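Below are the chains, spelled out letter by letter.
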Amino acid sequence: MISTIFHDPISHASFRLKFRSSLLKIKNFGREASMRVPFYRHSLPASSATLVAEVIESGFLTSGQYCSRVEDKLCAIFGVSHAKLTSSWTQGAVAVLLALGIGPGDEVIVPAMTFVATANVVKQVGATPVFVDVEPSTLLIDIASVRAAVTSRTRAVIPVHLYGQMVEIPALRAALPAGIRIIEDAAHCFEGRRGGRRPGQDSDAAIFSFYATKNVTCGEGGAVITQDGALAANLKEAVLHGMSAAAAQRFSGGRYQHWDVARLGTKANLPDLLAVLLETQLDSVDARLAQRERLARRYEENLAATPLGFPAIEAEAVSARHLFPIHVPGGQRDRVMRVLNDHGIGATVNYRSVPELSLYRNDPTVPRNGFPVSLDWGEGTLCLPLFPTLRQDEQDHVLNILHGAVLPSLDSRMIEERGVAAL
Ligand SMILES: *Cc1c(COP(=O)(O)O)cnc(C)c1O
């Protein structure tokens, strides 16, 4: 059941589409029973297999010319001087923290509402994640709370461009003492802009994820972009154990070159086998954003007059529309999730408040009840399917189930609750 919802091979989907449309022509029957709407469906072109074959033919499988080409393109797109492809956002972030010399005794401020990786990478290098709450309207890190959380041990802040909306990086910079690094978690925000600025332009570094369900994907992967030449040089070593020469350089000129390790690194480079999948996607990101924007607005307009809540998008922001989160009031989220899943809809939870997860909840240094906005959103939120090839009949199915099977019972339960409260 779960696997059919979350992994929907195109061939399978198009077979069902043909099957379904013929069924609908006969009569509008069996709609809810047969419809499956996956959480995500990738848009990799059919030519991807040929590209992978090309890399295999080349004989060089790890990070080489295909990575370099994508890195050059990333620099051009974001107007930055350095880009490094990585095996994931997570490994890219570990490499950035190591390259900045952040480790035991250091503090890094992170939002409580994010994917757990944002906090975990800080622990992985032996530093301490310090959680702060998010703004109630946008769910983005609260800059006043960041300022209040700064101590003499603070080395960096990792703002998260949650769901695709950018944090205002110049405002965050202005709130911080000099010398504190800003590392953008841009896993949701390849296409986002704020006040005309893009990730990587006003921070020390921005990190993207090319994980299987992200807007740009190669299955597993990521990238770090930065304007800081010294950081870029350290990062080049930090992604390869700390080695002073990468494979492509060690054998250049036909002669083996010795290498050294001066500082501990991790293993975070992306192989050409995966990098080759990225190049074509980079040319079409804006077209796919326009499709997600249209679908997201259709959800918003259709659900505006309901008790469901949405994050606000600021006037000066262009959201990358990575996910479509809603907030279900009255403690009904898990019940609504079950109704959606039972009707074949691949809804997910992004995210529960990170300090509520056992690893952090059982840590006595993490304050209890310190992040009420994140807690409330994390108890109430779920994400509806949103991806460029989501068809109108698929989105209609999601909306029909919400209006038919979810909202009526939600309304009556809320009226009951209000009635009880009034007594
Ligand atoms: C997906 C995601 C990550 C982790 O990305 P990986 O490439 O899977 O390591 C980090 N932060 C956020 C906000 C994410 O959504």
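All of these numbers come straight from a predicted model, not from anything done at the bench.

1. Here we look at the pattern of salt bridges
Part 1: Using the criterion set out here, one finds 22 salt bridges in the structure.
Part 2: Linking Arg-297 and Glu-293 is a salt bridge whose minimum nitrogen-to-oxygen distance equals 2.5 Å. With a gap of four residues between them, Arg-297 and Glu-293 both fall in helix α14 (residues 285–303), about one helical turn apart.
Part 3: For Arg-297, a relative accessible area of 47% corresponds to the partly exposed category.
Part 4: Among the ionic contacts, a cluster of salt bridges with common partners joins Arg-41, Arg-391, Asp-393 and Glu-394.

2. Quick word on the sheet that holds strand β2 (residues 107–111)
Part 1: On the basis of which strands lie adjacent, the open sheet formed by seven strands has the order β1-β8-β7-β5-β4-β2-β3 and mixed pairing. The open sheet has two free edges, formed respectively by β1 (82–86) and β3 (128–132), since each of these has just one partner strand. When the angles between neighbouring strand axes are averaged without regard to direction, this sheet yields 25 degrees.
Part 2: Inspection of the sheet shows strand β5 (residues 181–185) paired to strand β7 (residues 205–209) by three bridges, in the parallel sense. Residue pairing in the sheet places Asp-185 in a bridge with Ile-207 of β7.
Part 3: Where helix α5 (residues 65–78) meets the sheet, it contacts β1, β7 and β8 (222–226), and its direction lies at approximately 130 degrees from that of β1.

3. Side note on the confidence of the model for the protein
Part 1: In the predicted model, the protein carries a mean pLDDT of 91, and the fraction of residues at 70 or more is 90%.
Part 2: Residue range residues 1–32 is modelled with pLDDT below 50. Its contacts to residues more than four positions away, or to other chains, number 40 contacts.

4. Digging into the site of the ligand
Part 1: What surrounds the ligand is a group of 16 residues, the closest being Thr-90, Asp-185, His-188, Ser-209 and Lys-214.
Part 2: Interatomic distance of 2.7 Å between a side-chain N/O atom of Ser-209 and an oxygen atom of the ligand.
Part 3: In isolation the ligand exposes 390 Å². Once the protein is present, 93% of that is buried.
Part 4: Looking at the shell around the ligand, the elements that each hand over two or more residues are α6 (89–99) and α7 (117–124).
Part 5: For the shell around the ligand, the per-class residue count stands at seven nonpolar, seven polar and two charged.

5. A word on the side chain of Asp-106
Part 1: With respect to the helices, strands and loops of the structure, Asp-106 is situated in the loop between α6 and β2.
Part 2: Setting aside residues up to four positions removed in sequence, Asp-106 forms contacts with Gly-101, Ala-127, Thr-128, Arg-153 and Arg-155.

6. Here we look at the pairing of β5
Part 1: Among the five residues that make up β5, four are buried, leaving the element largely enclosed by the rest of the structure.
Part 2: Pairing of strand β4 (residues 154–157) with β5 involves two bridges; the strand directions are parallel. Looking at the pairing, Val-157 lines up with Ile-182 of β5.
Part 3: Handedness of the β4-helix α9 (residues 169–175)-β5 crossover: right-handed.

Rules used in this analysis
- Residues numbered from 1 in each chain as written.
- Predicted model: local features only at pLDDT ≥ 70, side-chain atom pairs only at ≥ 80, totals over all residues.
- Heavy atoms only, no water.
- Salt bridge = Lys/Arg side-chain N within 4 Å of Asp/Glu carboxyl O.
- Helix = DSSP H or I, 4+ residues; strand = E, 2+ residues; numbered from the N terminus.
- Buried < 20%, exposed > 50% of the residue type's maximum accessible area, 1.4 Å probe, protein only.
- Pairing = 2+ DSSP bridges.
- Axes fitted to C-alpha atoms, helices over the stretch in contact; angles between N-to-C directions.
- Contact = heavy atoms within 4.5 Å.
- pLDDT = per-residue confidence, 0-100.
- Near = heavy atom within 4 Å.
- Polar contact = N/O pair within 3.5 Å; in protein donor to acceptor, adjacent residues only side chain to side chain.
- Areas by Shrake-Rupley, 256 points an atom, 1.4 Å probe, with all protein chains shown as cover.
- Nonpolar A, V, L, I, M, F, W, Y, C, P; charged D, E, K, R; others polar.
- Right-handed = clockwise from strand over helix to strand, strands pointing away.

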